[in-house]
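Spelled out, the chains give:
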Amino acid sequence: MFIVILFIFLGIALGYTLRTRLASKVGVIGALNGRITTWLIWLLLFMLGLEVGSNKQLIAALPTLGVEAMVLSVSATLGSCVLAWALWKSMKVGEKR
Amino acid sequence: MKGSLIVVAFFVLGVLAGRSGGMPEWMLSSGTSFVALCALLLCVGISIGLNPDMKSDIKSLNPRIALLPVATILGSWMGAMAAFFLMNNDVCSLLHHRQLTDCLAVDSGFAYYSLSSIFITEYRGAELGTIALLANIIREMITLLLTPLLAKWFGPLAPISSGGATTMDTTLPIITQTVGQRYVALSIYHGFVTDFTVPFVVTMWCTLA
């Protein structure tokens, strides 16, 4: 986990250095970086699919356990979103005062 | 929407390729996906470093927003309770062989599917562990696919809450693309706090059986 956090900070330092040293190229670097990001997201989701697809037990159990998992994940996500919405609303009220 | 469909396409392609069994061993190792994840986070870091407005972005956030991880955790538990009481009765018995603490433990994964499913398998067996894996993968998928809709319906904090423990890595790019760069700091902070609580709350609900 700490290695993962380390890479974010490494990237921030690198991005900051690039911005101060190569100020004129920030637009190009940003666009290229965005493109690489998109490809890496696709790669990681492909690999998540590989992990599920190559596990025979998981594939066989998918229909029965999947419905229960679906219900539990949707309910947890909705519950979180409702409280996040309430927090956001309460902040907007605070800003108006 | 086009972006979401491409994401699903890559996942389905992965499932099919995994089933065919023709993939080289290195593609399946956790080491390869870890390297890809680190590369992804390096790119996310670079985009933060390239953004000159980062400092003012953090300052522009309301201090009350620090409570967002609490909203995420309590909201997930509210959802688990609602699902249990709606689906464990005479009318609907989908969850009839589950306990309330089972549902709470599964939903305490906050999309951190690898760790939560390992813990739950250890405490409650492989069946609930598989449900935890699927439920938390689905939660991550919901966030990846529906972030624009969630932001539209529930405001800019909802995709971060929905992403749970993943908002500092896998779902960070899609969230900041949708609600804006000024939420990068909040998203990382939220992911860090939520991620840290997963082992504790999952263990708590599993041992409260």
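Just so we're clear, the structure is a prediction, and the values are computed from it rather than from any experiment.

1. Comments concerning the overall build of chain B
A tally of helices and strands in chain B yields eleven helices and zero strands. Mapped in sequence order, the helices and strands of chain B form the string α-α-α-α-α-α-α-α-α-α-α. Computed over the C-alpha atoms, the radius of gyration of chain B is 18 Å, within 12% of the 17 Å expected from 2.2 N^0.38 for a compact globule of 209 residues. Buried residues in chain B amount to 49% of all 209 residues.

2. Notes on the nonpolar core
Ranked by size, the top nonpolar core spans 46 residues in total, and within it A:L44, A:A84, B:L40 and B:A158 carry the most contacts. Not counting the four nearest positions on each side in its chain, A:L44 is found in contact with B:S33, B:A36, B:L37, B:L40 and B:T170. In this structure, A:V71, B:A105, B:I120 and B:A135 belong to the second largest nonpolar core, which totals 34 residues.

3. A short note on the confidence of the model for chain A
Chain-level pLDDT for chain A is 85 on average; 93% of the residues reach the 70-or-more range. Confidence, read as mean pLDDT per element, is least for helix α2 (residues 26-53) of chain A in chain A (84) and greatest for helix α3 (residues 56-96) of chain A (87).

4. Section: the interface of chain B and chain A
Chain B puts 73 residues into the contact, and the matching count from chain A is 62 residues. Counting residues per element, the ones that place at least two in the side of chain B that touches chain A are α1 (2-20), α2 (25-28), α3 (30-50), α5 (68-87), α6 (100-107), α8 (126-154) and α9 (158-163) of chain B. With 16 residues, α3(B) is the single largest residue contributor to the side of chain B that touches chain A. Class assignment for the residues of the side of chain B that touches chain A results in 50 nonpolar, 18 polar and five charged.

5. A word on the UniProt feature "transmembrane region" (unreviewed entry) in chain A
All names here are of chain A. UniProt marks residues 35-53 and 65-88 with the feature "transmembrane region" (unreviewed entry), using the numbering shown here. For residues 35-53, the end-to-end C-alpha separation is 27 Å, with 100% helix and 0% strand making up the annotated structure. For the annotated span residues 65-88, helix accounts for 100% and strand for 0% of the residues, and the straight-line distance between the end C-alpha atoms is 34 Å.

6. A closer look at helix α7 (residues 113-124) of chain B
Residue and element names in this part refer to chain B. With twelve residues, α7 extends 15 Å from end C-alpha to end C-alpha; this agrees with the ideal 16 Å at 1.5 Å per step. Every buried residue of α7 is accounted for by Y113, S116, S117, F119, I120 and R124. Buried residues along α7 cover an arc of 160 degrees about the axis, so they all sit on one side. On its buried side, α7 packs onto α6, α8 and α11 (184-207).

7. Digging into the domain arrangement of chain B
All names here are of chain B. By domain assignment, chain B separates into domain 1 (1-50) and domain 2 (56-207). On the domain 2 side, the residues contacting the seven residues of domain 1 number six residues. Contributing elements (two or more residues each) for the side of domain 1 that touches domain 2: α1 and α3. Broken down by element, the residue count for the side of domain 1 that touches domain 2 peaks at four residues, all from α3. Considered class by class, the residues forming the side of domain 1 that touches domain 2 number six nonpolar, one polar and no charged.

8. Some details on helix α10 (residues 172-179) of chain B
Residues and elements named next belong to chain B. With six of eight residues buried, α10 is to be regarded as a mostly interior element. Every buried residue of α10 is accounted for by L172, P173, I174, I175, T176 and V179. The positive-phi residue at the C-terminal boundary of α10 is G180, with phi of around 110 degrees.

9. Digging into the packing of α5(B) against α6(B)
The relative placement of two packed helices comes down to the angle between their axes together with the axis-to-axis distance. Residue and element names in this part refer to chain B. Relative to each other, α5 and α6 sit at 140 degrees, their axes nearing to 9 Å. As for how α5 packs across α6, the hand of that crossing is right-handed. Residues S76, W77, G79, A80, M81, A83 and F84 of α5 form the contact with α6, whose own contacting residues are L100, C103, L104 and D107.

10. Description of the packing of α6(B) against α11(B)
All names here are of chain B. Put simply, α6 and α11 touch, their axes get as near as 8 Å, and they point 170 degrees apart. Judged on the interaxial angle alone, α11 and α6 are roughly antiparallel. Along the contact surface, α6 presents T101, L104 and A105, while α11 presents V202, W205 and C206. Looking at the contact of α6 with α11 residue by residue, the classes come out as five nonpolar, one polar and no charged.

11. Digging into unusual backbone geometry
Residue and element names in this part refer to chain B. Non-glycine residue F110 carries a positive phi angle of around 45 degrees. Structurally, the position occupied by F110 is in the loop between α6 and α7. In this structure, A111 takes a positive phi of about 75 degrees despite not being glycine. Overall, A111 belongs to the buried group, with 33 C-beta atoms counted inside 10 Å.

What counts and how
Residues numbered from 1 in each chain as written. Chains lettered and ligands numbered in written order. Predicted model: local features only at pLDDT ≥ 70, side-chain atom pairs only at ≥ 80, totals over all residues. Helix = DSSP H or I, 4+ residues; strand = E, 2+ residues; numbered from the N terminus. Rg over C-alpha atoms; globule rule 2.2 N^0.38 Å. Buried ≥ 20, exposed ≤ 12 C-beta atoms within 10 Å, placed from the backbone. Core = buried A, V, L, I, M, F, W, Y, C linked by C-beta atoms within 7 Å. Contact = placed C-beta atoms within 7 Å. pLDDT = per-residue confidence, 0-100. Nonpolar A, V, L, I, M, F, W, Y, C, P; charged D, E, K, R; others polar. UniProt positions renumbered as here; feature names shortened; annotations may be inferred. Expected span 1.5 Å × (residues − 1). Arc of directions from axis to C-beta. Domains from an automatic or database assignment. Axes fitted to C-alpha atoms, helices over the stretch in contact; angles between N-to-C directions. Left-handed = near helix turned anticlockwise from the far one by under 90°. Parallel < 35°, antiparallel > 145°, perpendicular 65-115°, else oblique.

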